[in-house]
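# Coordinate inspection notes
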Amino acid sequence: VLLHYSDLHGFEKVFDRVVKFSDSFASYIDNVINTGDTVRDSWENGFTFYKPGSVPMLSVIGNHDAWTNGTSGCKWWTVGYSAKQCYDRYIAPFKYSNSVYTYVTDKCYWTRDYPDQNIRLIAIDNYHWREIIYDKQDNVLTSYPNGDATDKGEQATWFVSQLSAAKTAGRSVIVTCHTPTQNLDMIPCTFSSLDDQGAGGLQAEAITAVQDFINGGGEFICWLTGHTHIDKFGTIPNYPNQLAIAIDCGGLTRDNGVSWSNLVHMDGTATMDCMNIFCVDPNRKFLKLMRVGCEYDRNGRHIGSLLYNYHTKQLLWND
């Protein structure tokens, strides 16, 4: 059982509510999963509020988490901070020593095994994948301004190796990252927004690696993502065996009174929250989603619960 949230965008009071909820149900939740964009706009906004509770909280890197406002020496609103800098800030201080957690030093990708369920959770970093870095004059850099190296394919090689090891061990796979593809073939349900914003950026190379895993006999459960600021539940176009789940914005972010979210958040109420309880039953091949917090979108649809068979690709229940 995972508690999934994303795109907090610096809202400390909402983060505190995530921790309070997970602590209240700690005996039922294996991990809290944060799929990125934890800071408000850019790296320079700060990160001091992030203090996980008693349930191990695992994070991936969002675009805002690695972006610069120009002070890093890189071009404004590009990835200005290296994988090592992001690792030191977002990953290393929150590492867990249990043998089921595997981290790559100075990198923002990792794995978490669930031996009792025979599942491997693999996290990838969309923003340090075969990187091209620009300085403020649009020159391509061979390394970051602080001297840290860029990725030349190391993460892609690691990802394939983790999928291969999972298949050899007979483990089903969930992959988590910040961004889904730009568009999904949405499965009609209340966890599929009616207002598709089309944001995405998942590497084609990663999609191909997962498909090779599936074609070789591996069992893929889903991609677990954020970034879109809308709920998405569907398959990657041309890859009907790759289910992707994106969750709406976890923060109460607004610009000039306009919400970044597709949900109706009201400050001071339970609708401040946007979390999904994500549960996998490996025996029956069921994937279950339950919304915690804001249960209504801007179109008045109730977002409650969902049951999906990830083996037969059937939506069994949606309330």
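One structure accompanies this document, and this report is about it. Just so it is clear, the model here is predicted, and its values are computed rather than measured.

### Concerning the overall build of the protein
Looking only at helices and strands, the protein has five helices and 19 strands in total. Taking the principal axes of the C-alpha coordinates as reference, the protein spans close to 55 × 50 × 40 Å. For the protein, with 319 residues in total, the buried portion stands at 57%. Summarising the internal contacts of the protein: among those between residues at least 6 apart in sequence, 65% fall at separations of at least 24. When the accessible surface of the protein is summed, it comes to about 12800 Å², and 51% of that surface belongs to carbon and sulfur atoms. Here the protein holds 26 positive side-chain charges and 35 negative ones, and the gap between their average locations is 3 Å.

### Considering the pattern of salt bridges
The tally for this structure, following the rule as stated, stands at twelve salt bridges. In this structure, the salt-bridge partner of Lys-84 is Asp-106, at a minimum N-O distance of 3.9 Å. Here Lys-84, found in helix α3 (residues 83-91), pairs with Asp-106, found in the loop between β4 (101-103) and β5 (110-114); they are 22 residues apart in sequence, far enough to count as distant. For Lys-84, a relative accessible area of 32% gives the class partly exposed. With a shortest N-O distance of 2.8 Å, Arg-171 and Asp-113 are connected by a salt bridge. Taken together, the residues span a long stretch of sequence, with Arg-171 in the loop between α4 (154-168) and β9 (172-176) and Asp-113 in strand β5 at a distance of 58 residues. The burial state of Arg-171 is the same as that of Asp-113; both residues are buried. Salt bridges linked by common partners bring Lys-84, Asp-88 and Asp-106 together as one network.

### Section: the packing of aromatic side chains
If you walk through the whole model with that rule in mind, you get 17 aromatic pairs. Between Trp-129 and Phe-159 the ring centres are 6.4 Å apart and the planes differ by 70°, which places this aromatic pair in the edge-to-face class. Placement of the pair is Trp-129 in the loop between β6 (119-123) and β7 (133-134) and Phe-159 in helix α4, with a sequence separation of 30 residues. Assigned by exposure class, Trp-129 and Phe-159 land together as buried. In textbook terms, an aromatic cluster arises when at least three aromatic residues are bridged by ring pairs, as seen for Phe-15, Trp-43, Phe-47, Phe-49, Tyr-50, Tyr-81, Tyr-90 and Phe-94.

### A closer look at helix α1 (residues 12-24)
Because the α-helix completes a turn every 3.6 residues, residues three or four places apart line up on one side. Along its 13 residues, α1 runs 18 Å from first to last C-alpha, staying within 8% of the 18 Å computed at 1.5 Å per residue. Considering only its buried residues, α1 is in contact with β1 (2-5), β2 (31-34), β3 (57-59), β16 (274-281) and β17 (286-293).

Cut-offs applied
Residues numbered from 1 in each chain as written. Predicted model: local features only at pLDDT ≥ 70, side-chain atom pairs only at ≥ 80, totals over all residues. Heavy atoms only, no water. Helix = DSSP H or I, 4+ residues; strand = E, 2+ residues; numbered from the N terminus. Buried < 20%, exposed > 50% of the residue type's maximum accessible area, 1.4 Å probe, protein only. Contact = heavy atoms within 4.5 Å. Areas by Shrake-Rupley, 256 points an atom, 1.4 Å probe, with all protein chains shown as cover. Lys, Arg positive; Asp, Glu negative; His and termini not counted. Charge placed at Lys NZ, Arg CZ, Asp CG, Glu CD. Salt bridge = Lys/Arg side-chain N within 4 Å of Asp/Glu carboxyl O. Phe/Tyr/Trp six-rings, centres within 6.5 Å; stacked < 30°, edge-to-face > 60°. Expected span 1.5 Å × (residues − 1).

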